[in-house]
There are 2 protein chains.
Amino acid sequence: MAIRIGILGYGNLGRGIEAAIRQNPDMELAAFFTRRDPAAVKTATEGVPVYSADSAKDHKDEIDVLMLCGGSATDLPVQTPEYAKYFNVIDSFDTHAKIPEHFANVDKAAKESGHVAMISVGWDPGLFSLNRMMAGAILPDGKDYTFWGKGVSQGHSDAIRRIEGVKNGKQYTIPVESALEAVRSGSNPELTTRQKHTRECFVVAEEGADKAKIEAEIKNMPNYFADYDTTVHFISEEELARDHSGIPHGGFVIRSGKTGLNGENNHIIEYSLKLDSNPEFTSSVLVAYARAICRLAKEGQTGCKTVFDIAPAYLSPLSGEELRKSLL
Amino acid sequence: MAIRIGILGYGNLGRGIEAAIRQNPDMELAAFFTRRDPAAVKTATEGVPVYSADSAKDHKDEIDVLMLCGGSATDLPVQTPEYAKYFNVIDSFDTHAKIPEHFANVDKAAKESGHVAMISVGWDPGLFSLNRMMAGAILPDGKDYTFWGKGVSQGHSDAIRRIEGVKNGKQYTIPVESALEAVRSGSNPELTTRQKHTRECFVVAEEGADKAKIEAEIKNMPNYFADYDTTVHFISEEELARDHSGIPHGGFVIRSGKTGLNGENNHIIEYSLKLDSNPEFTSSVLVAYARAICRLAKEGQTGCKTVFDIAPAYLSPLSGEELRKSLL
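Description of the structure in this document. All values derive from a computational prediction rather than experimental measurement.

For chain A, the count of helices and strands is eleven helices and 14 strands. The C-alpha atoms of chain A give a radius of gyration of 22 Å, which matches the 20 Å a tight globule of 328 residues would have. Principal axes of the C-alpha set define a box for chain A whose edges measure 65 × 60 × 35 Å. Here chain A holds 328 residues, and the buried ones make up 58% of them. Counting only carbon and sulfur atoms, one obtains 47% of the accessible surface of chain A, whose full area is about 13,700 Å². If the 36 positive side-chain charges of chain A are averaged to one point and the 45 negative ones to another, these points end up 2 Å apart.

On to the nonpolar core. Grouped together as the largest cluster of nonpolar side chains are 159 residues, with contacts concentrated most on A:Met67, A:Phe281, A:Tyr289, B:Met67, B:Phe281 and B:Tyr289. The residues contacting B:Met67, other than those within four sequence positions of it, are B:Ile5, B:Gly6, B:Ile7, B:Leu8, B:Ile17, B:Ile90, B:Leu286, B:Val287 and B:Ala290.

Contacts between chain A and chain B engage 66 residues on the former and 66 residues on the latter. Taken together, both faces of the contact between chain A and chain B bury some 5,700 Å²; the carbon and sulfur share is 65%. Run the count over chain A and chain B and you get zero salt bridges. On the surface where chain A and chain B come into contact, there are 23 residue pairs in polar contact (both at pLDDT 80 or more). For the side of chain A that touches chain B, the elements supplying multiple residues, two or more each, are α3 (99–113), α4 (127–138), β12 (249–259), β13 (265–275), α10 (278–298) and α11 (320–326) of chain A. Looking at the side of chain A that touches chain B element by element, the count peaks at eleven residues for β13(A). Tallied by class, the residues present in the side of chain A that touches chain B amount to 34 nonpolar, 17 polar and 15 charged. As judged from the nine bridges shared by β13(A) and strand β13 (residues 265–275) of chain B, these two strands associate in the antiparallel manner. Residue pairing in the sheet places A:Glu270 in a bridge with B:Ser272 of β13(B).

For the rest of this paragraph, the subject is the state of the cysteines. All names here are of chain A. Applying the stated rule across the entire model yields zero disulfides over all chains. No disulfide involves Cys69; its sulfur sits 17 Å from the nearest other cysteine sulfur, which is in Cys304. Assessed through its relative accessible area of 15%, Cys69 is described here as buried.

Before going further, it helps to examine the packing of helix α1 (residues 12–21) of chain B against helix α10 (residues 278–298) of chain B. Residue and element names in this part refer to chain B. Contact geometry of α1 with α10 gives a least axis separation of 8 Å together with a crossing angle of 60 degrees. When the axes of α1 and α10 are compared, the pair comes out oblique. In this structure, the crossing between α1 and α10 has a hand that is right-handed. Along its contact with α1, which presents Asn12, Leu13, Gly16, Ile17, Ala20 and Ile21, the element α10 presents Pro279, Glu280, Thr282, Ser283, Ser284, Leu286 and Val287. Its residues assigned to classes, the contact of α1 with α10 shows seven nonpolar, five polar and one charged.

Summed over the entire model, instances satisfying the criterion amount to 36 salt bridges over all chains. Close ionic contact of A:Arg132 with A:Asp124 constitutes a salt bridge, the shortest N to O distance being 2.9 Å.

What follows covers the side chain of A:Asp91. By the secondary structure assignment, A:Asp91 is in the loop between β5 (89–90) and α3. One buried charged residue, A:Asp91, forms no salt bridge at all, with the nearest opposite charge on B:Arg324 at 12 Å. Apart from residues lying up to four places away in sequence, A:Asp91 is in contact with A:Leu68, A:Leu76, A:Thr80, A:His102, A:Met118, A:Ile119, A:Ser120, A:Val121 and A:Leu286.

Right, let's get into the relation of the copies chain A and chain B. It takes a turn of 180 degrees to lay chain A on chain B, together with a shift of 0.0 Å along the axis; the resulting RMSD is 0.0 Å. Taken together, the rotation and translation relating the two chain copies correspond to the operation of a two-fold axis. When C-alpha distances to the rotation axis are compared across chain A, the minimum falls at A:Ala311, with a value of 1.9 Å. Residue by residue, 100% of the interface of chain A is reproduced at the interface of chain B, so both copies engage with the same surface.

On to the packing of aromatic side chains. All names here are of chain A. One pass over the full model with this rule turns up twelve aromatic pairs over all chains. Ring centres of Phe128 and Tyr271 lie 6.1 Å apart, and the angle between their planes is 80 degrees; this geometry places the pair in the edge-to-face category. Here Phe128 is found in helix α4, whereas its partner Tyr271 is found in strand β13, with 143 residues between them in sequence. Across this residue pair, the class does not change: Phe128 and Tyr271 are buried.

Let's shift gears to the sheet that holds strand β12 (residues 249–259) of chain B. Taken together, the six strands give an open sheet; going across it, the order is β7(A)-β12(A)-β13(A)-β13(B)-β12(B)-β7(B), and neighbouring strands pair in antiparallel fashion. Unpaired on one side and paired on the other, β7 (142–148) of chain A together with β7 (142–148) of chain B mark the two borders of the sheet. Along the sheet, successive strands turn relative to each other by an average axial angle of 10 degrees, direction set aside. Running at roughly 5 degrees to β12(B), helix α4 (residues 127–138) of chain B makes contact with β13 of chain A together with β7, β12 and β13 of chain B of the sheet.

In an α-helix, one full turn covers 3.6 residues, which means residues spaced three or four apart are oriented alike. Residues and elements named next belong to chain B. With twelve residues, α4 extends 16 Å between its outermost C-alpha atoms, agreeing within 8% with the 16 Å of an ideal straight helix rising 1.5 Å per residue. Across the twelve residues of α4, eleven count as buried, placing the element largely inside the fold. Of all the positions in α4, only Leu127, Phe128, Ser129, Leu130, Asn131, Arg132, Met133, Met134, Ala135, Ala137 and Ile138 are classed as buried.

For the rest of this paragraph, the subject is the environment of A:Met134. Positionally, A:Met134 belongs in helix α4. Residue A:Met134 is classed as buried on the basis of its relative accessible area of 10%. Along the sequence, A:Met134 and A:Asn24 sit 110 residues apart, while their C-alpha atoms lie 27 Å from each other. Ignoring any residue separated from it by four or fewer positions in sequence, one finds A:Met134 in contact with B:Leu127, B:Leu130, B:Tyr289, B:Pro312 and B:Leu315.

Residues and elements named next belong to chain A. Spatial ordering of the open sheet is given by β8-β9-β10-β11, a layout of four strands whose pairing is mixed. A single partner strand is all that each edge strand has here, and the edge strands are β8 (151–152) and β11 (229–234). Across the sheet, helix α8 (residues 211–219) touches β9 (166–175), β10 (197–205) and β11, and the angle it forms with β11 is around 150 degrees.

What follows deals with the environment of B:Phe308. Tracing the sequence through the fold places B:Phe308 in the loop between β14 (303–305) and α11 (320–326). With relative accessibility at 1%, the residue B:Phe308 sits in the buried group. Excluding anything up to four places from it in sequence, B:Phe308 contacts A:Ala311, A:Pro312, A:Ala313, A:Leu323, A:Arg324, A:Leu327, A:Leu328, B:Ser129, B:Leu130 and B:Met133.

Definitions and cut-offs
- Residues numbered from 1 in each chain as written.
- Chains lettered and ligands numbered in written order.
- Predicted model: local features only at pLDDT ≥ 70, side-chain atom pairs only at ≥ 80, totals over all residues.
- Heavy atoms only, no water.
- Helix = DSSP H or I, 4+ residues; strand = E, 2+ residues; numbered from the N terminus.
- Rg over C-alpha atoms; globule rule 2.2 N^0.38 Å.
- Buried < 20%, exposed > 50% of the residue type's maximum accessible area, 1.4 Å probe, protein only.
- Areas by Shrake-Rupley, 256 points an atom, 1.4 Å probe, with all protein chains shown as cover.
- Lys, Arg positive; Asp, Glu negative; His and termini not counted.
- Charge placed at Lys NZ, Arg CZ, Asp CG, Glu CD.
- Core = buried A, V, L, I, M, F, W, Y, C linked by side-chain atoms within 4.5 Å.
- Contact = heavy atoms within 4.5 Å.
- Buried area = accessible area lost by both parts, 1.4 Å probe.
- Salt bridge = Lys/Arg side-chain N within 4 Å of Asp/Glu carboxyl O.
- Polar contact = N/O pair within 3.5 Å; in protein donor to acceptor, adjacent residues only side chain to side chain.
- Nonpolar A, V, L, I, M, F, W, Y, C, P; charged D, E, K, R; others polar.
- Pairing = 2+ DSSP bridges.
- Disulfide = S-S within 2.5 Å.
- Axes fitted to C-alpha atoms, helices over the stretch in contact; angles between N-to-C directions.
- Parallel < 35°, antiparallel > 145°, perpendicular 65-115°, else oblique.
- Left-handed = near helix turned anticlockwise from the far one by under 90°.
- Least-squares fit on C-alpha atoms with pLDDT ≥ 70 in both.
- Phe/Tyr/Trp six-rings, centres within 6.5 Å; stacked < 30°, edge-to-face > 60°.
- Expected span 1.5 Å × (residues − 1).

In structure tokens:
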């Protein structure tokens, strides 16, 4: 029987999950849940009901895993523990500093109700975390490096758009190639924030706005831009729509470490992603882990899990025998 | 209490494990076992006993995990099921086609005796398998590519050395850069054996040997060289020792896959290794998984495991709480 997936929240992530489920024949999209008026939500999948989020628990027996597609700032800290009372759930909570607190809340709710919940799934946190952790366990005498990009940072784009005189804008985070090469050489460089990434902004100014002032305001913005070499390009709304409407992202996790009785040999473990669509890739990761969560629940496990806790075989539709034969 | 490791076989892998254990404060090297005369084995670690392999079972209560460092052709098919009767064991069995048979034999022995056994640990099979599997589960509509090198192939070096007139030799497997780039571009190319790798040989000929004949024999050797563009360099024994005494290796696992309702977005997941010492890195992977095996055994699990079956957290000396706080 197919794994019945519910999607709560129909934004970029919800749409990505909707598409990803079609690539997995062992899964079935059972229902959408929305905080908007269900009648106003037009999905890409005919025949799948759209329910009010408030009524979700009435449908708990129709869903094997509920995918929570809200934001980390205010939605998920409330939603994940709440829905874990009724469903096996999975989220992409990405506020690193608040993960321990979120884990504790979700773990309590999931254990009390006998469900499996998984938090912070995606690529960072998620696959990048997994690679940092495994590479560190394999090469304990070493150093970790994470680079992000080239990709669109939603937070930085939002920060630009809040500036007076800015109509629209998009920001790309770009890893510095020479820093990547220094890390790959095994020289274990100490790198400052400025040495690791640059920031490139494409800004649509309002008519008559003071562009020099906008540029200065961007470049001097604390936390967001002041510590980076930042380039600002002013372009038209048409150019922005034509050339910058995608949501690409990616990055690199590199561990450089030594082995041998005298640390005489160096090794580089590198994991990288080059993504045309950040939300669609994140959705694909979520869907693979939803398969794992469903299986763990069937085994009778309960409580909160992260990528560290899931044996990789649970992600695959193939049996252990098939995996060993074809992929080991 | 430290995890007590036993090493059976003191070749490159055994030495690598001996060194790796020193980087892991939660582990302790408890004993070496050898099929040679124990008195003739000089290890790098004073105070650790060297026992005869035949007497290993007399020491079963002194060892938490026994690392089997024999070869895949004839040693491990016998050793792993045999020692799984008395110990939790781990091997690096790498004959891909015989993994299902080896798994079945080891699983039976480990289940009957109540031990945990792990097979085919290292980087390929091992970390590369894990990455192929996970990337395939995340991007089901895609294609896998594995490239090896630049690195020394022991099997190909041996094949060269068996040729008449060859005194010594070493072979490097080299991935073709343009093929790697084509894969990374997302074009999903079909690549022949010849298009993916080249082979470079450094050969020391015996005095008076017919070098042209040796070169032709290498280049036309079926399976090993005939399907590749192969370069042969004749050098002196001194040059071989000076420039080619290392055992570097590495490689790339790349998955290129599409997402979206119409497959409109492409994604590249790439995992790569650049290793100064193939056996020392393999040893480091084995040691991290030994930690996992010891923990699984303490939980009461039994039977044969592969990298697909182990939740990543088991590899790390850190607690779940520490992992979530510092690495997620």
